[in-house]
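For reference, the chains in residue letters:
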Amino acid sequence: MSASAVFVLDLKGKVLICRNYKGDVDMVEIDHFLPLLMQQEEEGLICPVMSHGNVHFLWIKHNNLYLVATTNKNSNASLVYSFLYKLVEVFTEYFKELEEESIQDNFVVVYELLDELMDFGFPQTTDSKILQEYITQEGAKLEVAKSKVPTTVTNAVSWRSEGIKYKKNEVFIDVIESINVLVNANGSVMSSDIVGSIKLKTMLSGMPELRLGLNDRVLFALTGRDKGKTVAMEDVKFHQCVRLSRFESDRTISFIPPDGESELMSYRINTHVKPLIWIESVIEKFSHSRVEIMVKAKGQFKKQSVANNVEVRVPVPSDADSPKFKTSTGHAKYVPEKNLVVWTIKSFPGGKEYLMRAHFGLPSVENDEMEGKPPITVNFEIPYFTVSGIQVRYMKIIEKSGYQALPWVRYITQSGDYQLRTNA
């Protein structure tokens, strides 16, 4: 079971718009939502599901709005939350910013969307590209559009329209991996993993069938091939277009793609990752006078690769002033509102080592407040490179008209949650 009704409230708990899908929960029950939330906030125990009698409120907050679903059954909470987040995504696609003003300015469209997104408490058409074919933001267009519902809505392939035509048939594949690393003050890697996603930009005519081949360890084991490097992917999640039964039986990723941009799949690789940019720091505090910071950054990846737009963020005491910097490359700047020194290096080749020194004055009166020791964080992006070694082995494109299409593949590694603790 899913939601009985969906409400959009402002921060004072006033209902801006709502849709009653099943009629089995009294609509005035929503008046209890904000008092319950305020009571929980006072107790410091905010819970994503709240109950009043036999009515349950499942809610999320976005900007200056609360999106609330009510139910009096033992509903599938993860389904309801997926729907609420999908609602935010669709509204944002339509109105660019989802906030109180955009709801008030687009009442008619919001009602139309709430009608199409859910039926009798169950999610229906939630793809914004398909919804935009027949729910438009211009009132005049709306009347015309209503008379003809796109075949996509009744299609088995609800994420792709029929009759798409391109002069040049191409598909762009981006393999993007984010590295999460936590290094302790002694230089030991405490935790690390890789979170990856494969994104598509599809510009293909008709209803093509695509097959994607990766160097997947399970597939290679199934087929008795163990040549070359393979990767063991965990927590694999697919776009709804992928035929899951086919993947489960023989690990083939087979699908009819959505038109334009989409995320085909995401995965996690639980492996020990060597930090690609290694940071060593010495932070010396001389009380009542100054703080000296020395940071060394080393690229621990192949020499032929280059990290772009590297940012090393070094925390400094909140009462520091009069900054002076010296860098062997790039430039450093003080960001006082965040108590940080940000060292930016546009281009950082593998195997290179760079130095940054900073000097700050400290007030003669000691700051009594105990300050924590925030970690150094690093942001970067390395094109044409993946840490895990994942590879797109092939992309087959089959379409009944038999056209030739070009697949293009690009690999990118970037920093995720990348932290190095300091002794200072």
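- By the naming in an unreviewed UniProt entry, the chain is AP-1 complex subunit mu-2, taken from Myripristis murdjan.
- As recorded by UniProt, the Sequence similarities (unreviewed entry) comment attached to the chain reads in full: "Belongs to the adaptor complexes medium subunit family."
- Recorded in UniProt under Function (unreviewed entry), the annotation for the chain is "Subunit of clathrin-associated adaptor protein complex 1 that plays a role in protein sorting in the trans-Golgi network (TGN) and endosomes. The AP complexes mediate the recruitment of clathrin to membranes and the recognition of sorting signals within the cytosolic tails of transmembrane cargo molecules."

**Here we look at the overall build of the chain**
Next up, step 1: The helix and strand inventory of the chain stands at 9 helices and 23 strands.
Next up, step 2: Judged by the C-alpha coordinates and their principal axes, the chain covers about 75 × 60 × 40 Å.
Next up, step 3: Residue burial in the chain is summarised as follows: out of 424 residues, 45% are buried.
Next up, step 4: Taking contacts inside the chain between residues at least 6 apart in sequence as the whole, the part at least 24 apart equals 69%.
Next up, step 5: Within the chain, one finds 49 positive and 53 negative side-chain charges whose respective centroids are separated by 11 Å.

**What to know about a nonpolar patch on the surface**
Next up, step 1: Where nonpolar side chains cluster on the molecular surface, the patch consists of Phe107, Val108 and Tyr111 and spans about 270 Å² of accessible area.
Next up, step 2: Its location among the elements puts Phe107 in helix α4 (residues 107-117).
Next up, step 3: Residue Phe107 is classed as partly exposed on the basis of its relative accessible area, which comes to 34%.

**What about the nonpolar core?**
Next up, step 1: Counting 68 residues, the largest nonpolar core has Phe255 and Ile277 as the members making the most contacts within it.
Next up, step 2: Counting only domains with at least three residues in this core, you end up with domain 2 (170-273 + 387-420) and domain 3 (277-383).
Next up, step 3: Not counting chain neighbours up to four residues away, the residues in contact with Phe255 comprise Leu200, Pro208, Glu209, Leu210, Leu212, Cys241, Val242, Arg243, Leu264 and Met395.
Next up, step 4: Core analysis: the next-biggest nonpolar cluster, separate from the first, contains 32 residues, Ile17, Tyr21, Leu65 and Leu114 among them.

Rules of the game
- Residues numbered from 1 in each chain as written.
- Predicted model: local features only at pLDDT ≥ 70, side-chain atom pairs only at ≥ 80, totals over all residues.
- Heavy atoms only, no water.
- UniProt positions renumbered as here; feature names shortened; annotations may be inferred.
- Helix = DSSP H or I, 4+ residues; strand = E, 2+ residues; numbered from the N terminus.
- Buried < 20%, exposed > 50% of the residue type's maximum accessible area, 1.4 Å probe, protein only.
- Contact = heavy atoms within 4.5 Å.
- Lys, Arg positive; Asp, Glu negative; His and termini not counted.
- Charge placed at Lys NZ, Arg CZ, Asp CG, Glu CD.
- Patch = residues over 30% accessible without salt bridge, like charges linked within 9 Å, V, L, I, M, F, W, Y side chains within 5 Å.
- Areas by Shrake-Rupley, 256 points an atom, 1.4 Å probe, with all protein chains shown as cover.
- Salt bridge = Lys/Arg side-chain N within 4 Å of Asp/Glu carboxyl O.
- Core = buried A, V, L, I, M, F, W, Y, C linked by side-chain atoms within 4.5 Å.
- Domains from an automatic or database assignment.

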